[in-house]
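# Overview (structure and organization)
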Amino acid sequence: MPGVETAVVAAGRAIAERAMREWLAVRAARRDRETQLKDLIQSGFRDRLAPRKFGNQLDGIAMAVETRLRDLVEQEYRDLDEAARAAVLLEVVEALRATDLSDRALFDADADPARLAARVLDTVAPPRLGADEDALYGVLLAECVACLVGMMQQLPQYLPRAQTESLARLSGLAEGVERVLARLPARTLEAPEGTRDDHAFEQHYLAFLSRTLDEIELFGVPMETYRPRTSLSVAYISLNVSTGQPRRTLERLAPASLTGRDESEPGSRRIESALTRRTLVRGEAGSGKSTLLRWLAVTAARRGFTGDLSSWNGCVPFMVKLRSHADGRLPAPSGLLDDVAQEVAGLMPRGWAERVLASGRGLLLVDGVDELRVRHRQAVRQWLGRLLAANPELRVVVTSRPAAADVRWLADDGFAAALLEPMTPQDLGEFIGQWHVAMHACPSLPCEPGELRTYERALLARLESTPHLRLLAATPLLAAMICALNLDRRTQLPRSRMGLYEAVLALLLERRDAERGIQDDIVLDPEQKIWILRDLAWRVVSMGRSELAKATALRRIEQRLTGMTRMPYQAADVLDYLLRRSGVIREPVPGRIDFAHKTVQEYLAAGQLVEDDDVEAAVERAHLDQWREVVVMAAGHATGRGRRDLLRGLLDRADEGGRHARRLRLLVASCLETLREIPVELRDRVESCLTKVIPPRSVDEARILAAAGEEILRRVPDDLSRFTENQAIHTVRMTGWINGEDALRKLTAWSADPRWAVGDAMVKVWPFFEPDRYAREVVAPLSTLPWITVTDTSHLPYLGHLNRMKGLKVESRVDSLEFLKNTPQLIDLELDELAGELTPVRHLAGLKRLWFQRSSMEPMDMTPITTLDKLHTVCAWCNQDDADLGFLDWIPRLYELALSLPEGDAWTGPLSRQTKLTWLSVRGAEQELSPSVFAGWQALKWLSLRRLRNIPACLDALADAGAPLTRLLLHDTDVTDLSFVAKLPLLTRLNLGPLNDLDRSPLEALPNLEVTILS
């Protein structure tokens, strides 16, 4: 095998040379591997004999390697011919020469021959001589590498190099360990696992609260078509609070509009301004306590506080529902997430809650002290005391019904007390609007989102017409219940209030606590509760009072319990339970009991009256205001003979005449709301009674009749000409409040009435109907249309239907005048509050009069009105310090002008050039008015000046110019002498004010002058 033999010798020689080269080289760099071995020998030995000895040793090593390789070549792959094996050996030799087999490569492979051979095979391409040849190539190369590694490990410099490598690796390991330790969190008593993950978890937790708490669902009210779920952040409205005891039971609400002025109680304020670092919020059932806490949690999570609570941004909320701790075991800081965020509590870093509380950023929201059993409430106070002792900067808001916690309950721990008040009419109107806006996102909405506004209008109309319903909706819970029922029943709330009161009592007495899982030591059936409450209500009404002594209530309950079955409780325990959980009665002041909702009291009392078969008492007292609602609901409770006796008694008393006759007839009409049927023998008498109360004579009568609904409406004629103007107006109002298709048909029929006041009344009930249809069918055909007043800006887009409209007044804030492009026929425009730009007035080519107010200090561009050739009257009450009056020169036919003067005197020139004015009203800010302004004014007949100086000189200038002034109003000016009147002989009316000890004798010279002194 001369070919193979030669190749084996070459391979052995190559391996031996590589080993020797490593021995001779201090470090085998690339240039060392490429240097000829003889040159390395000559440079490595100074003795001449040493190189010859080294050569002999090299030959011996090469022969040992040759022997090992020869055996391997002869045993492996015998099917290959000699030439093929020789070729493989030569490829192995070339690979050994080309490959990095230095000590660095050896140490990188951890001195493992197999790992080093694998790396060599990966870096050197196979010879591709054939499958068997390449396989033999891999075996031989691995063997050669193993031989080389074995020899290198025997070299004298291997051990020192291996030790150096080990030290380097240990040094690198130490550095790596240091880096790992540097990244480990610092451990302290407060942060046993560090604080590295605190921020990430806090953001995750806040995002979770923001999503999950921003939804409220009305529990306890059975719905047929949907689940009433709304967005809390959208539906929430701020409520009023006071700091004292609960107010006495609400009496009849004044007939204020739901969109009118807020009539809050004196001394009350919005809840956001009443919250302190520690606050106990008290409120009756359904007053919005839990909703308030959820809103605080969501707003804190979103850093969305403004105004008085802006300093609360950055707080982390923790909400604890005490009803979830019915056993009295209250959570440690680490358990504060369990009630509302249990799903993410497992991710909380150890000690995170404690660190947040200690930092002063915690906001603890504790809901429902009244929802715990009495014996556990002291534990709440102790638990709060310990938390505050450990975390004195913690913000805390606690809620409870008044019966469970009086104003002093947490006073020792520094808590201020605030009492949630019933909603005002304005609050109720805002709540209804926000509720319907929030329902747009309800996933099971029973109508198209665009139809919600129609449902809202129908409900507002119903509430306007039924004060008892508005009184019932004095809390957010009951208002939401009415909104939800109105939507569920397609605006068809039962005209009879009986069904509503049944739903209210079911909600308050049973369903709400049951669905929220609230437990109590006292367990009563709903029928038992109503049985007891009826007797208390009847006692209050029959005595003509608004409340009972607690001792009297206790005696009544004791008497009631003696005849009841399945009653294992004492009267005191039952009374205490009803005060705590019923939501129907309460203790406004210690020792006195009243009903939280007067209408519910009347409903219960009427039930007891009928139960006792005592309708005569109702008939005898029916003319009294405090008995009116009891009689109406007694008509709904009564059946058979009781119903006949009640109606007959009322009709008999009305037919007797006297000063109460009309009141009693109106009461009969009101009973139509609750009556299931009119007895056959009384139908003619009832019909005759109704004809005597239609039409209504006042707003109150219109509301009373509207509550009876369609029963009244079908008796109203299609022509109002027989009614006086006042009667027609009240009939229109009544019909608008009744609402519905029949009401719309009536109003459409009346649109031809020629009386302006009647047409204006029909425009005013527009908010209670679908705006587009009402505009087309009722407002557009009005014979009095040329001028209308709009109070609801949502109607502005529909004014395009009113082609005959010439004058428009908008009595609310207008953000945009874009609607004017649909009303080019307007000649008169009046805007109570303009927030937008004037540019769209360019669409009104025929505009003659423009009147507007603007409270914003932003500059107003007045140039758009300079293009209106027919404009002759401009009233612009703008609060602008730098307003430019130059636009006045570009209005060619300006005869009447009213404006607020800006600061400085740049306005003097433009104003002085308006010599054609016949009417001028100017309001200043203590500026001095130059007489030169009025030089040459010969047409001015009407002048009003407010908060201006140098007025006597200006009046002299007008007199000198010959101005035919007939009316003059001076208010808050520097006039100290009335002698100027002698220079104005045409003056017929003079308004002055205020005056302090002015000599009025000059006025005597003008006996025909009408003088009014303003305060």
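About the cut-offs
- Residues numbered from 1 in each chain as written.
- Predicted model: local features only at pLDDT ≥ 70, side-chain atom pairs only at ≥ 80, totals over all residues.
- Heavy atoms only, no water.
- Helix = DSSP H or I, 4+ residues; strand = E, 2+ residues; numbered from the N terminus.
- Buried < 20%, exposed > 50% of the residue type's maximum accessible area, 1.4 Å probe, protein only.
- Contact = heavy atoms within 4.5 Å.
- Areas by Shrake-Rupley, 256 points an atom, 1.4 Å probe, with all protein chains shown as cover.
- Expected span 1.5 Å × (residues − 1).
- Salt bridge = Lys/Arg side-chain N within 4 Å of Asp/Glu carboxyl O.
- Core = buried A, V, L, I, M, F, W, Y, C linked by side-chain atoms within 4.5 Å.
- Arc of directions from axis to C-beta.
- Phe/Tyr/Trp six-rings, centres within 6.5 Å; stacked < 30°, edge-to-face > 60°.
- Lys NZ or Arg CZ within 6 Å of the ring centre and 35° of its normal.
- Pairing = 2+ DSSP bridges.
- Axes fitted to C-alpha atoms, helices over the stretch in contact; angles between N-to-C directions.
- pLDDT = per-residue confidence, 0-100.

### Some details on the overall build of the protein chain
On a plain count of helices and strands, the protein chain comes out with 38 helices and 23 strands. Burial analysis of the protein chain (1015 residues in total) assigns 54% to the buried set. For the protein chain, contacts bridging at least 24 residues in sequence account for 63% of all contacts bridging at least 6. Surface accessibility of the protein chain: about 45,200 Å² in total, with carbon and sulfur atoms responsible for 49%.

### Quick word on helix H20 (residues 476-488)
Along an α-helix, a turn takes 3.6 residues, which lines up residues three or four apart on a common side. Spanning 13 residues, H20 covers 18 Å between terminal C-alpha atoms, matching the ideal 18 Å at 1.5 Å per step. The element H20 is extensively covered by neighbouring structure, given that 13 of its 13 residues are classed as buried. Backbone geometry just after H20 places arginine 490 at a positive phi near 55°.

### Concerning the pattern of salt bridges
Taken as a whole, this structure holds 54 salt bridges when the rule is applied. Arginine 408 serves as the salt-bridge partner of aspartate 406, at 3.3 Å between the closest nitrogen and oxygen. Among the residues examined, arginine 408 registers a relative accessible area of 56% and is labelled exposed. A salt bridge links aspartate 889 to arginine 913; the shortest N-O distance between them is 2.7 Å. Here aspartate 889 is found in the loop between strand S17 (873-878) and strand S18 (896-900), whereas its partner arginine 913 is found in the loop between helix H37 (908-912) and strand S19 (919-928), with 24 residues between them in sequence. Judged by its relative accessible area of 48%, arginine 913 falls in the partly exposed class. Several salt bridges share partner residues, and in doing so they unite Lys809, Glu811, Asp828, Glu830 and Arg849 into one network.

### Observations regarding the nonpolar core
If you look at the biggest cluster of nonpolar residues, it comprises 272 residues, and the most contacted ones within it are Tyr205, Leu296, Phe318, Leu364 and Ile865. For this core, the element with the highest residue contribution is H20, accounting for 10 residues. Leave out the neighbours within four places in its chain, and phenylalanine 318 touches Tyr205, Leu336, Leu337, Trp352, Ala353, Val356, Leu357, Gly362, Leu363, Leu364 and Leu365. Core analysis: the next-biggest nonpolar cluster, separate from the first, contains 11 residues, Val120, Tyr137, Leu141 and Val145 among them.

### What to know about the environment of leucine 347
Position of leucine 347 among the secondary structure elements: in the loop between helix H14 (338-345) and helix H15 (352-358). With relative accessibility at 57%, the residue leucine 347 sits in the exposed group. As a C-alpha pair, leucine 347 and aspartate 197 span 150 residues in sequence and 9.7 Å in three-dimensional space. Look past the residues within four positions of leucine 347 in its chain and what remains in contact with it is Phe201 and His204.

### Observations regarding the side chain of threonine 735
Turning to its location among the elements, threonine 735 is positioned in helix H33 (residues 725-738). Looking at threonine 735, the relative accessible area reads 0%, which means it is buried. Residue contacts for threonine 735: discarding those within four places in its chain leaves Leu713, Ala743, Lys746, Leu747, Trp750 and Phe769.

### Considerations on helix H16 (residues 374-390)
Buried residues of H16: His376, Arg377, Val380, Trp383, Leu384, Leu387 and Leu388, and no others. Taken end-on, H16 shows its buried residues confined to a sector of 125°, consistent with a single buried face. Opposite the buried face of H16, by more than 90 degrees, sit the exposed residues Arg375, Arg386, Ala389 and Ala390.

### Things to note about the packing of aromatic side chains
Per the stated rule, a full pass over the model turns up 14 aromatic pairs. Taking 6.0 Å as the distance between ring centres and 80° as the angle between the ring planes, the aromatic pair formed by tryptophan 295 and phenylalanine 305 counts as edge-to-face. Taken together, the residues tryptophan 295 in helix H13 (residues 289-301) and phenylalanine 305 in the loop between H13 and strand S6 (316-321) connect sequence positions 10 residues apart. For the pair tryptophan 295 and phenylalanine 305, a shared accessibility class is recorded, and that class is buried. Aromatic rings pair up to connect Phe201, Tyr205, Phe318 and Trp352 into one cluster. When the ring centre of tryptophan 737 is taken as reference, the NZ or CZ atom of arginine 703 above it lies at 4.5 Å.

### Description of the sheet that holds strand S21 (residues 967-971)
Strand order in this open sheet of 11 strands is S13-S14-S15-S16-S17-S18-S19-S20-S21-S22-S23, and the pairing throughout is parallel. Both edges of this open sheet fall to strand S13 (787-790) and strand S23 (1010-1013), since each of them pairs with a single strand only. On average, each strand axis in the sheet is tilted by 10° relative to the strand beside it, whichever way the strands run. Relative to strand S14 (residues 807-814), S13 is paired through four bridges, and the arrangement is parallel. Bridging across to S14, tryptophan 787 finds its partner in glycine 807.

### Brief notes about the environment of proline 824
For proline 824, the location among the structural elements is in the loop between S14 and strand S15 (828-834). Given a relative accessible area of 44%, proline 824 falls into the partly exposed group. Spatially, the C-alpha atom of proline 824 lies 7.0 Å from that of alanine 845, the residues being 21 residues apart in sequence. Residues in contact with proline 824, not counting those within four places in the same chain, are His843, Leu844 and Ala845.

### Here we look at the confidence of the model for the protein chain
Of all residues in the protein chain, 81% attain a pLDDT of 70 or more, and the chain-wide mean is 82. In this model, residues 26-45 is a region of pLDDT below 50 whose contacts with residues beyond four sequence positions or in other chains number 34 contacts. Note that residues 247-256 has pLDDT below 50 and, in this model, 38 contacts with residues that lie over four places away or in other chains.

### Observations regarding the sheet that holds strand S11 (residues 585-589)
The strand order across the open sheet formed by three strands is S10-S12-S11, and the pairing between neighbours is antiparallel. The open sheet has two edge strands, strand S10 (548-549) and S11, and neither has a second partner. Here S10 pairs with strand S12 (residues 592-595) via two bridges, running antiparallel. Directly across from leucine 548, in S12, lies its bridge partner isoleucine 593. Helix H24 (residues 571-582) contacts S11 and S12 of the sheet and is inclined by roughly 95° relative to S11.

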